[in-house]
Amino acid sequence: MTNRLDTRFAALRHEGRAAFVAYVMAGDPDPETSFEIVRGLPAAGADVIELGFPFSDPMAEGVPIQKASIRALKAGMTLAKVLGLVRRFREDDRDTPIVLMGYLNVILARGLARFADEAADAGVDGLIIVDCPPEEAGDLTDELERVGVSLIRLAAPTTDDARLQTVVKRTSGFVYYVSVAGVTGAKAASAEAVAPAVARIREASGLPVAVGFGIRTPALAAEIARVADAAVVGSALVDEIAAALDVNADPVSKVMQKATALAEAVHSARSGAEA
Amino acid sequence: MTALNPSNTYAWPDAEGRFGDYGGRYVAETLMPLVLELQEAYAAAKADPSFQAELDDFLEHYVGRPSPLYFAERLTAHHGGANIWFKRDELNHTGAHKINNCMGQILLARRMGRTRIIAETGAGQHGVASATVCARFGLPCTVYMGATDVARQAPNVFRMKLLGAEVFPVTSGRATLKDAMNEAMRDWVTNVADTYYIIGTAAGPHPYPEMVRDFQSVIGREAKAQLHARIGKLPDAVVAAIGGGSNAIGLFHPFIGDETVRLIGVEAAGRGLDGPDHAASLQGGRPGVLHGNKTYLLQDDDGQILEGHSISAGLDYPGIGPEHAWLHDTGRAEYRSATDQEALEAFQLCSKLEGIIPALEPSHALARIGEIAREVGKGGNVVMNLCGRGDKDIFAVAEHLGVKL
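All values derive from a computational prediction rather than experimental measurement. (Residues numbered from 1 in each chain as written. Chains lettered and ligands numbered in written order. Predicted model: local features only at pLDDT ≥ 70, side-chain atom pairs only at ≥ 80, totals over all residues. Heavy atoms only, no water.)

Visitor: Describe in detail the environment of Ala131 of chain B, supporting the description with residues and values.
Guide: All names here are of chain B. By secondary structure assignment, the location of Ala131 is in helix α5 (residues 125-137). Spatially, the C-alpha atoms of Ala131 and Val238 are 30 Å apart, while their sequence positions differ by 107 residues. If we ignore the near neighbours within four places in the chain, the residues touching Ala131 are Cys141, Met160, Leu163 and Ala165. (Helix = DSSP H or I, 4+ residues; strand = E, 2+ residues; numbered from the N terminus. Contact = heavy atoms within 4.5 Å.)

Take a look at the structure:
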């Protein structure tokens, strides 16, 4: 079976444009609204959906995603419900890749084998575990390979060439480049600094490279899209939910507006640069 | 699972930082190179006699080691069992065992050329110890402390500020030790170039559990030699309170190979192990991954971490050092618990009988010491680590006793 991630990245390469990867937290601000947001993202221009699953102690997250986790947990979100959300999404959308992102303990609590089976069955395409470096990922990788779900690895500014070889072993789908040393949504990435890192990771992995952690604006997303295969935006989308809740506005339409602006910036980035 | 060999061949952790199934290095990729670098730097320091000599010098002249081994005669008579000995780590500079580890780590940080120190703290003892060594060596220090703990440990907050540290109140979660540790990790991942993170307990990613244990093992080494000098034999049991477990592992480790010595840890049972309000990770939790290591954690069915509760701010951590998890599973150490109420009673008893006001943390060990002494029986010897003094706790205790200061 061809992986939805491979299909999507191949198509984008053919079109000569970068992917817009939209991150939202499953269950934020509540399970039903969250489903509406996820369902709307492909039409707003998201090429890949990164779906956070909440954890009580999200150590790599900045304030926006910490707060999103708290909102989701308060609304009763669990890993089982996250998988249910994906299953429901797949009833109408067979093509948009979904990558789950979160922390290892939640997966361990479910059981690695059980999670792998359920994730594949629900239509999950990839998994990013922030606190599971390759050295600790053996069992998880075995289970995900068994069911054909990609374990997407992270590379960071602190990852040197020697270590990069370890990082890209047994990975598939794409490699996620953490563009700044820091938590999500706090510092701004620089396209100049990112470009050589992306080239290095592409060379080592033979996979598309998505860049995230430091992209908040359409302008920066466009800059990154010129040098990387995908630009990931999370905190800026999640902030729209928080802002909408503050003023009793509709979080779905706020997120869609922001996602549309970001998607347009990413999708026109390369043609704009060449024009 | 392989059985623990209870002889002197005990050599955990392995090269991957594992104690059996526990431990490891579960950190974000950004931190992974730093953790590996720390591991190398620590291994080099450990093998370098000049590092140990420098540490020993500071431990003697600055910290005030060795701490005495004291025969608690009146408490022994009161309980009517084995002789009870206190390892007096509350007499250390800054009033607790925490400085043993901080001194070791700051010397390592200097060796590594780091110029900024961060730390997390619960009760404030580790924060004070970190701020102290930073003042001594002229390094800037930021201490992350849960906002709840900032409120209930005001004297220690003021001490840290006097020592020149910046105290950062953490408001996420229930705003206690776990949340402070999350925030310290976030700082570390943001300031990778210049910052050294002094973790205060024998937990976190490898090499922290090993390193903190090694620095705290001075407690057990001294106690073993001191008791031998006094009575010419090993104790029958060694006892310590457990939050993250650094004072306990420091006492236990030099005795692990001595099969006749019982190792007994006392967890905080808070309002009772039946309900959710306790911090007994081994007795009320199950294995999982948090803060860089695999160990026993208080968690719900979905893997969400629960907030520990204890009257003692230093014990209300929902995890425990991975080496304790391993000693627990292999049966080499035994783990019991004491409630808030039992700790409060033991706190008062020790104050009245021995003229020593203990911290609330060792008061949990004191709450079990009577039954342990009776189990061991008259003529036996039990060494308990009196790991902190109670000055910081008098306000909290007064409040619980309904006394207005």
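Let us keep going from here.
Visitor: Quick one: what's the story with the sheet that holds strand β14 (residues 381-385) of chain B, residue by residue and with numbers?
Guide: All names here are of chain B. Taken in spatial order, the six strands make up an open sheet running β3-β4-β14-β9-β10-β13, and their pairing is mixed. Of all strands in the sheet, those with a lone pairing partner are β3 (69-71) and β13 (333-339), marking the two edges. On average, each strand axis in the sheet is inclined to that of its neighbour by 25°, with strand direction left out of account. Relative to strand β4 (residues 83-87), helix α10 (residues 218-231) is tilted by about 135°, and along the sheet it contacts β3, β4 and β14. (Pairing = 2+ DSSP bridges. Axes fitted to C-alpha atoms, helices over the stretch in contact; angles between N-to-C directions.)

Visitor: Can you break down the side chain of Ser312 of chain B residue by residue, with the values?
Guide: Residues and elements named next belong to chain B. Structurally, the position occupied by Ser312 is in the loop between β12 (292-297) and α13 (322-330). Residue Ser312 is classed as buried on the basis of its relative accessible area of 0%. Looking at Ser312, its side chain comes within polar contact range of the side chain of Glu361, at 2.7 Å. Contact partners of Ser312, with chain neighbours within four places excluded, come to Leu360, Glu361 and His364. (Buried < 20%, exposed > 50% of the residue type's maximum accessible area, 1.4 Å probe, protein only. Polar contact = N/O pair within 3.5 Å; in protein donor to acceptor, adjacent residues only side chain to side chain.)

Visitor: Go over the packing of helix α8 (residues 161-168) of chain A against helix α9 (residues 191-205) of chain A, please, and point to the residues and values.
Guide: Residue and element names in this part refer to chain A. Running from amino to carboxyl end, α8 crosses α9 at an angle of 50°, the nearest separation of the two axes being 10 Å. In this view, α8 runs oblique relative to α9, as classed from their interaxial angle. Between α8 and α9 the crossing geometry is right-handed. Contact residues: α8 offers Asp161, Leu164, Gln165 and Val168, while α9 offers Arg200, Ile201, Ala204 and Ser205. Looking at the contact of α8 with α9 residue by residue, the class counts come to four nonpolar, two polar and two charged. (Parallel < 35°, antiparallel > 145°, perpendicular 65-115°, else oblique. Left-handed = near helix turned anticlockwise from the far one by under 90°. Nonpolar A, V, L, I, M, F, W, Y, C, P; charged D, E, K, R; others polar.)

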